[in-house]
Amino acid sequence: MIEHIISTLPQVLIDGLALGAVYAIIALGYTMVYGILELINFAHGEIFMTGAFIGTALFITLSGLGFLAVMPALLALLLVLIVTSILTGFLGVGIERVAYRPLRKAPKLITLISAIGVSFLLQDLVRFITELKKGNYILTGPSLFTEQISIKASSILSSFADAQIKSSTIILVVTAIVMMIGLDYFVNRTKWGMAMRAVAQDRDTASLMSINVNKVISLTFFLGSALGGATGVLFAVQYGTIDPYIGFILGLKAFTAAVLGGIGNIRGAMVGGLVLGLIEMFAAANLSVITSNVFTAEYKDVFAFIILIIVLIYKPEGIFGKAVAEKV
Amino acid sequence: MGIKKYFSVLGSTALLMSLMVGCGGNDEKETGSSKDSKVIKIATQSPLSGGSANLGESIKLGAQLKLEEQKKAFEDLGFELQLVPYDDQADPKKGVANAQLIGADADYLGLVGHLNSGVAIPSSEIYEKNNLLMVSPANTAVDVTERGLKTVTRIVARDDLQGPAGAQYAIEKLGAKKIFVIQDKTAYGTGLADAFKKAAEEKGAEVVGYEGVTIGEKDFNGVINQLLSKKPDFVFFGGMYTEFGLIVKQAREKGLEIPFMGGDGVDSSTLVEIAGDAVKNVYYTSVAGDTKATEEGKKFAENYKSKFGKEIESFSAYGYDAAGVLLESIKNAIEANGKKLPTREQVVSEAKKVQDYQGIVTKVGFDDKGDNTYAEVYIYKFNEAKYPGSLDGKVSK
Amino acid sequence: MKLKELLNNNTKLQAVTLTLYIIVSSAALYFSQKSVTAFLLVLASILLLYLTKFNNKVKWGIGLLVLVVILPFTASQGVAYESYMEVATFVGIYVAMAIGLNIVVGMAGLLDLGFVAFFAIGSYTYAIFATAQANNFLPDIFPLSGSWFWLFLIIGTLFAAIAGILLGIPVLRVKGDYLAIVTLGFGEIIRIVFNNLDKPINFTNGAMGIASIAPPSIFGFEFVQSSQFYFIVLGILLFVIFAVKRLEFSKIGRSWKAVRENEIAAQAMGIHLVRTKLMAFAVGASFSGAMGVVFAAKQTFIDPTSFTLLESITILVMVLLGGMGSVPGVILGAAVMTILNLQVLTEVTNWLGQLNMQGVISIPDALSPAKMQRMIFGLILVLFAIYRPQGLIPAKNPVFDEEKLKADDLNQNEEKVITAQQSVIDA
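## Examining the overall build of chain A
Piece 1. Within chain A one finds 13 helices and four strands.
Piece 2. A globule of 328 residues ought to have a C-alpha radius of gyration of about 20 Å, and chain A, at 20 Å, matches this closely.
Piece 3. A principal-axis box enclosing the C-alpha atoms of chain A has dimensions of 65 × 55 × 35 Å.
Piece 4. Within chain A, buried positions represent 57% of all 328 residues.

## So, the overall build of chain C
Piece 1. Per the secondary structure count, chain C includes 17 helices and two strands.
Piece 2. Across chain C, contacts joining residues at least 24 apart in sequence account for 76% of those joining residues at least 6 apart.

## Quick notes on the confidence of the model for chain C
Piece 1. Taken residue by residue, chain C gives an average pLDDT of 83. The fraction at 70 or more is 90%.
Piece 2. Interface confidence for the predicted complex, expressed as ipTM, amounts to 0.86; the pTM equals 0.84.

## Quick look at the confidence of the model for chain A
Piece 1. In this model, chain A carries a mean pLDDT of 85, and residues with pLDDT of at least 70 account for 97%.
Piece 2. When the criterion is pLDDT under 50, residues 323–328 of chain A qualifies, and its contacts beyond four places in sequence or with other chains add up to six contacts.

## Here's the deal with the interface of chain B and chain A
Piece 1. Counting residues at the interface gives 30 residues for chain B, matched by 32 residues for chain A.
Piece 2. Of all the secondary-structure elements, those providing two or more residues to the side of chain B that touches chain A are α2 (53–77), β7 (206–212), α8 (221–230), α9 (241–253) and α10 (269–275) of chain B.
Piece 3. At seven residues, the largest contribution of residues to the side of chain B that touches chain A is made by α8 of chain B.
Piece 4. Tallied by class, the residues present in the side of chain B that touches chain A amount to seven nonpolar, 14 polar and nine charged.

## Looking at helix α10 (residues 246–261) of chain A
Residues and elements named next belong to chain A.
Piece 1. With 16 residues, α10 should cover 22 Å at 1.5 Å per step; its first-to-last C-alpha distance of 23 Å lies within 8% of that length.
Piece 2. The buried fraction of α10 is high, at 15 of 16 residues.
Piece 3. After α10 finishes, the residue G262 shows a positive phi value of roughly 100°.

## Notes on the packing of α10 of chain A against helix α12 (residues 299–314) of chain A
Residues and elements named next belong to chain A.
Piece 1. For the pair α10 and α12, interaxial distance at closest approach is 10 Å and the crossing angle is 35°. Relative to α12, α10 is oriented so that their crossing is left-handed. Between α10 and α12, the contacting residues are K253, T256, V259 and L260 on the first element and A304, I307, L308, V311 and L312 on the second.

## A word on helix α6 (residues 116–129) of chain C
Piece 1. Between its terminal C-alpha atoms α6 of chain C stretches 20 Å, which fits the 20 Å expected from 14 residues at 1.5 Å a residue.
Piece 2. Among the 14 residues that make up α6 of chain C, 14 are buried, leaving the element largely enclosed by the rest of the structure.

## Here we look at the domain arrangement of chain C
Residue and element names in this part refer to chain C.
Piece 1. Along its sequence, chain C is organised into domain 1 (1–79) and domain 2 (86–396).
Piece 2. Taken over C-alpha atoms, the centre of domain 1 sits 27 Å from the centre of domain 2.
Piece 3. Facing eight residues of domain 1, the contacting portion of domain 2 comprises nine residues.
Piece 4. If you list the elements that add at least two residues to the side of domain 1 that touches domain 2, you get α3 (36–51) and α4 (56–75).
Piece 5. Considering each element in turn, the side of domain 1 that touches domain 2 owes the most residues, five residues, to α3.
Piece 6. Its residues assigned to classes, the side of domain 1 that touches domain 2 shows eight nonpolar, no polar and no charged.

## Section: the sheet that holds strand β4 (residues 133–136) of chain B
Residue and element names in this part refer to chain B.
Piece 1. Read across the open sheet, the five strands follow the order β2-β1-β3-β4-β5; overall the sheet is parallel. Pairing within the sheet leaves two strands with one partner each, and these edge strands are β2 (80–87) and β5 (152–154). Neighbour-to-neighbour, the strand axes of this sheet turn through a mean angle of 25°, independent of strand direction.
Piece 2. Two strands pair when backbone bridges link them, and strand β1 (residues 39–46) and strand β3 (residues 108–113) are joined in this way by five bridges, in the parallel orientation. Paired with K41 across the strands is Y108, a residue of β3.
Piece 3. Lying on the sheet, α2 is in contact with β1, β2 and β3; it crosses β2 at an angle near 170°.
Piece 4. Running at roughly 155° to β4, helix α4 (residues 117–129) makes contact with β1, β3, β4 and β5 of the sheet.

## What about the pairing of β4 of chain B?
Residue and element names in this part refer to chain B.
Piece 1. Of the two faces of β4, the one carrying L133 and V135 and the one carrying M134 and S136 are both buried.
Piece 2. Crossover connection from β3 via α4 to parallel β4: handedness right-handed.
Piece 3. Sheet analysis places β4 next to β5, joined by three bridges and oriented parallel. Bridge assignment links V135 to a residue of β5, and that residue is T153.

## Side note on the nonpolar core
Piece 1. Membership of the largest hydrophobic core comes to 376 residues, with the highest contact counts inside it found for A24 of chain A together with A98, V294 and L381 of chain C.
Piece 2. Considering each element in turn, this core owes the most residues, 19 residues, to helix α1 (residues 2–37) of chain A.
Piece 3. Among residues more than four places away in sequence, those in contact with A98 of chain C are I315, M318, V319, V330, G333 and A334 of chain C.

## Thoughts on the packing of helix α9 (residues 226–248) of chain C against helix α12 (residues 273–299) of chain C
All names here are of chain C.
Piece 1. Two elements in contact, α9 and α12, have axes separated by 11 Å at closest approach and are oriented at 180°. Judged on the interaxial angle alone, α12 and α9 are roughly antiparallel. Side by side, α9 and α12 meet where F229, I232, V233, I236, V240 and L247 of the first sit next to V283, F287, A290, V294 and K298 of the second.
Piece 2. Grouping the amino acids of the contact of α9 with α12 by side-chain chemistry returns ten nonpolar, no polar and one charged.

## Observations regarding the sheet that holds strand β6 (residues 178–183) of chain B
Residues and elements named next belong to chain B.
Piece 1. Ordered by their spatial adjacency, seven strands build an open sheet running β7-β6-β8-β9-β10-β13-β14, and the pairing between neighbours is mixed. Here the strands that pair on one side only, and so sit at the sheet edges, are β7 and β14 (390–396). Taken pair by pair, the neighbouring strands of this sheet meet at an average axis angle of 20°, ignoring direction.
Piece 2. Judged from the three bridges that link them, strand β8 (residues 234–238) and strand β9 (residues 260–262) form a sheet pairing that is parallel. When the sheet's bridge partners are listed, V235 is paired in β9 with F260.

## A word on the environment of K108 of chain A
Piece 1. With respect to the helices and strands, the residue K108 of chain A is situated in helix α5 (residues 108–134).
Piece 2. Once the C-alpha coordinates of K108 of chain A and G318 of chain A are considered, the two residues, 210 residues apart in sequence, prove to be 21 Å apart.

## As for the pairing of strand β10 (residues 282–286) of chain B
Residue and element names in this part refer to chain B.
Piece 1. Counted residue by residue, β10 has five buried out of five residues, so it is predominantly covered.
Piece 2. Of the two faces of β10, the one lined by V282, Y284 and S286 and the one lined by Y283 and T285 are each fully buried.
Piece 3. Note: β9 against β10, three bridges, orientation parallel. Counterpart to F260 in the pairing with β10 is V282.
Piece 4. The parallel pair β9 and β10 is bridged by α10, and the resulting crossover is right-handed.

## Looking at unusual backbone geometry
As a rule of thumb, non-glycine residues mostly have phi less than zero, and peptide bonds are mostly trans rather than cis.
All names here are of chain B.
Piece 1. Cis peptide bonds are those with omega within 30 degrees of zero, and the linkage from G113 to H114 qualifies with 0°.
Piece 2. Considering the arrangement of structural elements, one finds H114 in the loop between β3 and α4.
Piece 3. Of note in this structure, K231 is not a glycine but carries a positive phi near 50°.
Piece 4. Positionally, K231 belongs in the loop between α8 and β8.
Piece 5. K231 sits in the exposed class, given 11 other C-beta atoms within 10 Å.

## What about the environment of Y210 of chain B?
Piece 1. Residue position: Y210 of chain B is located in strand β7.
Piece 2. Spatially, the C-alpha atom of Y210 of chain B lies 9.0 Å from that of A193 of chain B, the residues being 17 residues apart in sequence.
Piece 3. Once you skip the residues sitting within four places of it in the chain, Y210 of chain B turns out to touch N293 of chain A together with V181 and K197 of chain B.

## Side note on the environment of A157 of chain B
Residue and element names in this part refer to chain B.
Piece 1. Relative to the helices and strands, A157 resides in the loop between β5 and α6 (159–173).
Piece 2. Accessibility expressed as a C-beta count within 10 Å gives 26 for A157, which makes it buried.
Piece 3. Through-space distance from the C-alpha of A157 to that of P137 is 9.8 Å; in sequence the pair is 20 residues apart.
Piece 4. Beyond its immediate sequence surroundings of up to four residues, A157 is in contact with T140, Q162, V287, A375, E376 and V377.

What counts as what
- Residues numbered from 1 in each chain as written.
- Chains lettered and ligands numbered in written order.
- Predicted model: local features only at pLDDT ≥ 70, side-chain atom pairs only at ≥ 80, totals over all residues.
- Helix = DSSP H or I, 4+ residues; strand = E, 2+ residues; numbered from the N terminus.
- Rg over C-alpha atoms; globule rule 2.2 N^0.38 Å.
- Buried ≥ 20, exposed ≤ 12 C-beta atoms within 10 Å, placed from the backbone.
- Contact = placed C-beta atoms within 7 Å.
- pLDDT = per-residue confidence, 0-100.
- Nonpolar A, V, L, I, M, F, W, Y, C, P; charged D, E, K, R; others polar.
- Expected span 1.5 Å × (residues − 1).
- Axes fitted to C-alpha atoms, helices over the stretch in contact; angles between N-to-C directions.
- Left-handed = near helix turned anticlockwise from the far one by under 90°.
- Domains from an automatic or database assignment.
- Pairing = 2+ DSSP bridges.
- Right-handed = clockwise from strand over helix to strand, strands pointing away.
- Core = buried A, V, L, I, M, F, W, Y, C linked by C-beta atoms within 7 Å.
- Parallel < 35°, antiparallel > 145°, perpendicular 65-115°, else oblique.

This is the structure in structure tokens:
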């Protein structure tokens, strides 16, 4: 049993890192919106999903036009990432305008319900469009970045098994890190970022300081949604196949990650995402081995939710909440 | 009264009105059809939306094709055939509610359905109460016919034939010794995987792992890591094509070149779309034979393509044949009833008499329980990334 | 407009209109058995009845007359009887659940996104013991016969209430949005656990579900048809409505509303926060649990796919559509949503499909209304949240004459607390 755990560990770490990076960037979107509006933007998972669909559609179009064959794949990815994040960014701004702004003074409950509604609407819209175009709604993009790089983990410790890493995983993780650093810089070092933090702290006072609160909120939604959409593209490249229902449960997990790291806290969300991804992958690979088949891998979601509940109840500011908050 | 109340009245009337408008249309249809009392309605129930809509749709279209072909013959007898497709959304509640609707309308003389055994089991209780004949083109769960219902029949093989057939093939033909079993934690997947596991153990293979995955997930690396460390020489999957496709793809990416096998749930062109080249060296057992193996089958596939603009799926022909058996029984019942509209009981008893109906993919003859005595399990292999795979073996009862 | 005013203030005229309406619609149902519209029109008479200005006893009397006698009788004349009653039974089941959720969300202001878990608990409580399933962990005396159903109605209710309290104890430390997420997590946990509890001991038979659940029976009479379950559901529903009406304006009901409006103020007024919230969870859950038992007995087969998140959201949509905190509103909301889901969407889809097949029109399959369920839910949620958060029939608080209450107060010390709470609510 121990042997199994140790030998798979390098691979589990790599896979967990990939999944964790996805959680982390989606968690950023949740955290930013929550930090400013104190609203769980349920639709964020759906924006991620829409991004995945837009990205895949772009890839399919590009390859259909023959561009993919002549263009370096990285350039194509960059192009798709930029286009998708701009589109989903505006989608996010639009959602805020239509579904959240009229409710800014309403009870939280109502805004949350509106958010759930938007999320359902988006799911069905994407399903509808895909089905109309394709006949069914399961979409598989062209496979890109499938080169495997072998990591000789056994040379570090003989009981490790060798691990493999897909080049798309490297791209995923690197892009995620770049986006996180960029966002961190934006929020902490630029004027707009300062305005965002000011609005997060006190909306009324901020508006007295000649900050256009509506604009700042729109900007927040744009950034969060653009990141979400970009993550969707990366997700589609990594896993290949997507459907309109990936957003909800993934969004929920990402929210868990945001809570784990301390909601409203950007660096916390990154750490929370990675931790959750690693825990989940570890559980999926080892749970049934450890418990000799009493608990199967499906229980990993149960553990994710239990972690969420425990953190919310006993440490609502998140595990890393305080430590990171002092740095910012 | 306040303006609010006025609004509430207005709002609720508007809603009710919209409900009625919806049903008003329905009424027209009903009155339109009841003018001519010699209407025979056939229902299909299969998921037309949701994850397995692809397969559900193919059942519907198959049945539709058969009905359109038979329309003329029935007109000569003086009856008008109508097909009414119902969407059970793979949801038992919805299936039962639809079953009540179907059972209530005396024009219905039979039903082709369902795709999911979890829906077929509760719905068939309603058909039984209404004496409505159900011919299943796809349900493999043992319980479907084992409950002693007289109206339930199926033209495909059961899980306790399919699972063991897969196990027999894997062990005897492919020489599998260490087998890993994965299933998707649905009624169908669990049933099939358990049947496979039991048979594999009886035949002396070692089952090195038994794992469940969650439907709708996209990252199966956790399970694949188990495969990597347990080093099985064969993997069996009980579940649907989406998950199977991703598992195969992600496993191949990690260098696992061992054969994989799935059940009839993975028998779909979408599997190839998802897994791409990784689908090579993947086997699947199917209760559906290769439609295009015969001349009639090829013709059927062409008709289907020209009619609906889609390639056939594995269950298209089964929907077609199920509708065929159903219409055959109705025709016989009409004859037996002196060319008059038969009762549902007569249709059921005629159906039970069917012993050698020659369909496109299968011969049909029902035993006492309603199982098809000619049902066979076919084993296919993907040699290239093209659906369907090539027929590799056949196991019959 | 004049007619409207006339109708509003003249009870006699209302009585005449209502009677006419009921006669016409039930006659329509009686004579044209295939018309779904007529069936819905008869159901709608309950709404009209609610809008009249009769006194409550008369309303209840007429309502019962319609539901117990007129509706089943007129519908029973034709072949579509069972399918109407199936819909009516589901309406009843969902109405009871929506009323339960309304206590938690509407009255106590606690957003619960995992409400279907209690429904699942009720269903499984009966299903496990009414089949041979229980033999796996208890001595070999199962399945219990259908006459145990009545006892299990109470046991299922209790189990769900206990689950509500158990969930409540840890969960109530979180507020608002967090509560929504935690309850959502809880709902998913329950479903996943039920889906996997076939190992190590087979409690729930996992994903295979539990089949052949014994139908209820009393004095040798077995309930198997929807038309028979209709009366069971109606009975429970009446009890539920009665209970919730009594609770709404009792001390606990007013405490719920006080907590909803302002927790801190409510606490300052001496309301025990934890006890009040737990009560809301327990009562709400128990209604759901009772209907779970009925659901299991009616379907004779249950598996975890009946208890997904979508189901929780559906019930939430019903509550929001009808009006949070308003019992009549929630009844309307649940009825409209259930009928929409089970009957209207199916019928419209079939109708369009028929037209499609006859070549009259050509609509792509992706547009089929039955697939639009999520979009319709989403639209209702967003539109109602923005334009009409109080729902179709908004909740009403009884109006008190302040002077009179003050005068009463001087006499009765006990009442003081209550008035104080009332003023908190009104503020």
